[in-house]
Each structure stands twice: as C-alpha cells, then as structure tokens.
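Take a look at the letters that make up each chain.
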Amino acid sequence: MTKRKALMAGNWKMNMNAVEGCRLAADVAAQCNKGYDDREVLLAPPFTILSEVSHALEGKGILTASQNVCWEENGAFTGEIAPNMVKDAGGSAAIVGHSERRHIFGESNEMINKRVKGGLAGGLMIILCIGETLEEREADRTFTVLEEQVRKGLDGVDTGQMEKIVIAYEPVWAIGTGKTASKEQAQEVHAFLRGLLDRIYEKDVADTTRILYGGSVKPANVNELMAQPDIDGALVGGAALKADSFGSIINFQ
Ligand code: 13P
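Each residue is numbered by its place in its chain's sequence as written, counting from 1. Reporting of local features is limited, given that this is a predicted model, to residues whose pLDDT is at least 70; pairs of side-chain atoms are given and counted only at 80 or more, and all residues count toward the totals for whole chains, interfaces and linings. To obtain the side-chain values, all non-hydrogen atoms of the structure were used and water was disregarded.

Colleague: I'd like a description of the site of the ligand, backed by residues and values.
Modeller: Close contacts around the ligand come from 13 residues, with Lys 13, His 98, Gly 176, Ser 216 and Gly 238 the closest. Whenever a nitrogen or oxygen atom comes within 3.5 Å of another N or O atom, the pair is scored as a polar contact, on the condition that within protein one atom can donate a hydrogen and the other can accept it, and that pairs from neighbouring residues in sequence are kept only if both atoms are in side chains. Between the ligand and Asn 11 there is a distance of 3.0 Å, counted from an oxygen atom to a side-chain nitrogen or oxygen. Within the side chain of His 98, one N or O atom sits 2.8 Å away from an oxygen atom of the ligand. Coverage of the ligand by the protein chains reaches 95% of its 310 Å² of free accessible surface. Here the shell around the ligand is composed, by residue class, of four nonpolar, seven polar and two charged. Here a residue is near a molecule or strand as soon as one of its heavy atoms is found within 4 Å of it. To measure how exposed things are, a 1.4 Å probe is used in the Shrake-Rupley method; for residues, cover is taken only from the protein chains shown. The residue classification treats Ala, Val, Leu, Ile, Met, Phe, Trp, Tyr, Cys and Pro as nonpolar and Asp, Glu, Lys and Arg as charged. All others, Gly included, are polar.

Colleague: Go over the side chain of Arg 115, please, and point to the residues and values.
Modeller: Secondary-structure assignment places Arg 115 in helix α5 (residues 109–121). Whether two residues touch is decided by their heavy atoms; if any such pair falls within 4.5 Å, the residues are in contact. Not counting chain neighbours up to four residues away, the residues in contact with Arg 115 comprise Asn 68, Val 69, Cys 70, Trp 71, Glu 80, Val 96, Glu 107 and Ile 126. Labels follow the DSSP assignment, with helices taken as runs of H or I lasting at least four residues and strands as runs of E lasting at least two, numbered in each case from the N terminus.

Colleague: Got a sec to walk through the pairing of strand β7 (residues 210–214)? Specific residues and values, please.
Modeller: With five of five residues buried, β7 is to be regarded as a mostly interior element. For each residue, the accessible area found with a 1.4 Å probe, counting protein chains only, is set against the maximum for its type, and the residue is called buried under 20%, exposed over 50%, and partly exposed in between. What you see with β7 is no split at all: Arg 210, Leu 212 and Gly 214 on one side and Ile 211 and Tyr 213 on the other are buried throughout. Here the rule is simple: two strands pair whenever DSSP picks up at least two bridges between them. Note that strand β6 (residues 165–169) and β7 share four bridges and pair parallel. Its bridge partner being in β7, Ala 168 is matched across the sheet by Leu 212. If the strands point away from the viewer and the path from the first strand over the helix to the second runs clockwise, then the crossover is right-handed. Taken together, β7, helix α10 (residues 219–226) and strand β8 (residues 233–236) constitute a β-α-β crossover, and its handedness is right-handed.

Colleague: Just give me the short version of the packing of aromatic side chains, but keep the residues and values in it.
Modeller: Any two rings among Phe, Tyr and Trp, with Trp reduced to its six-membered ring, count as a pair given centres within 6.5 Å; such a pair is stacked if its planes are under 30 degrees apart, edge-to-face if over 60, and tilted if neither. One pass over the full model with this rule turns up two aromatic pairs. Between the aromatic rings of Phe 143 and Phe 192, the centroid separation amounts to 4.3 Å while the plane-to-plane angle is 20°, which identifies the pairing as stacked. Of this pair, Phe 143 sits in helix α7 (residues 142–153) while Phe 192 sits in helix α8 (residues 183–200); the two residues are 49 residues apart in sequence, bridging distant segments of the chain. We call a charge positioned above a ring when the Lys NZ or Arg CZ atom is no farther than 6 Å from the ring centre and deviates by at most 35 degrees from the ring normal. A cation sits over an aromatic face here: Arg 39 above Tyr 36, 3.6 Å from the ring centre. In this structure, Arg 39 packs its charged tip against the face of Phe 252, placed 3.9 Å from the ring centre.

Have a look at this one:
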C-alpha cells in the first residue's frame, strides 16, 4: 500500500494581524527542525495576511493556504478571492467547505463543489472539509451525511484530479468544543471515507488520498489519533494559534 505523507495543517480562522501572524509563522517554522520527511506542514492564515505569511515562510518548506476560494477567475464577486489571487499571495492550497462556512454562512454542497472545481482548475490543492452535526450523529445519520458531502463536493472531479484533493473530516460537535472524537470514532469514519473513495473512484485513489481529522486536536491527543491507520494528518484550529502547541502537534510521534 502507498505510504501517505502526513499533512499537519493549521487553520487560523479569523485570527492574527500581520505582525502576530508573521511571528507565529516564524515560530512554527522553528519547530519544524526535526528533519522529518514523512510529513508536511501547512498554515491557513486569513486572506489579509496570506501574502506576508507566505513571504515569511519562503524557503522553509511550509505550505500556505487560503481559507476559502471562489470558482471564478475575476469579476464582480464582492468578498471572494480567486484561485490566482491565492497563488499570487504565495498560497498553493485552499480550504473549502469548512463547517463554519456551511453552518454560519450557509454554503451548500453545490456551492462547495463549485469552489472545489474552481480551485482545482486554478492549480490549487483543495482541502475539502466535511462533518456531521451532533444532531445528525445522534440520529445515526453520520455516514449518510458524510457520503452526501463527499459525493456532492467531488461531483465532476475526475480520478486524475484526486491527487490534489485532501479530505478533512471535522465532526461539527468537536470543533472548538474541546470535545474530540475518540480515536475509535475517528478511525471508523476515516475507514468509511476511504471505502467510499474506493467505491466512487478506484482503489489507488482510496489508498493515496489523505484524510485529515479536525476537531479539538491538541498535543495531548495527536499521537493516538495519528496512530490510527486511516488518519493521515490533522486540521487544527485553536491549538494552531500557539507555536508551542502546534509545534507539539507537528512533531507527533
Ligand atoms: P479546533 O481545533 O479549534 O477544534 O478547530 C478545528 C477546525 O475547525 C479546524 O479547521
């Protein structure tokens, strides 16, 4: 089976000004000094400082991403950011479909699919976020909801494009709540998602696509999560805002 390189990603959400962000980026870079070649590190700052942070990280081997991306290349789309703008600011990836976009800003699977395809067409790696709410989990609808999010989110994305797709499973009930999915709960879902990729695409896609876990990842739980066979990295919110905690997460055992 193909060995998947871990991806340890920090989503800064709506936090950090330029000075704070550049300092945090430099401090994170200083934590990436173990010479690991089995993992990649990515930071997703707010749009306003993507350029400064990318610049501060030049030559450090850390990727940067935007927290969303539009499907259009330019034009009258107030409040949006085009794939080329992300690249112009030094980013090589975009987070799409984050639960805060879905639940606070009402983004649908259909809109998220347009973002996925637009970002891919613009040459970005896409981190497609999916996740069930507590209500959906309690109603035993977790797999149904996730399958719909994956199928609709990746609609029209072909096998060849899948090498630029990363999936992030972020149960909504675990985001920013301090409540992490147990390693068993997370592994069960990740295994389901890998099987789903096999059903939609082919075994090679299922074997090579990275599936990250997100939702209250901390230094205290990262090792047990990363030890699961189908967990290939983490998408970290709160604990990515401090270099020492994100450093411990990057340097998981
Ligand atoms: P927390 O790590 O703060 O729970 O956030 C997870 C998340 O939403 C990352 O995208």
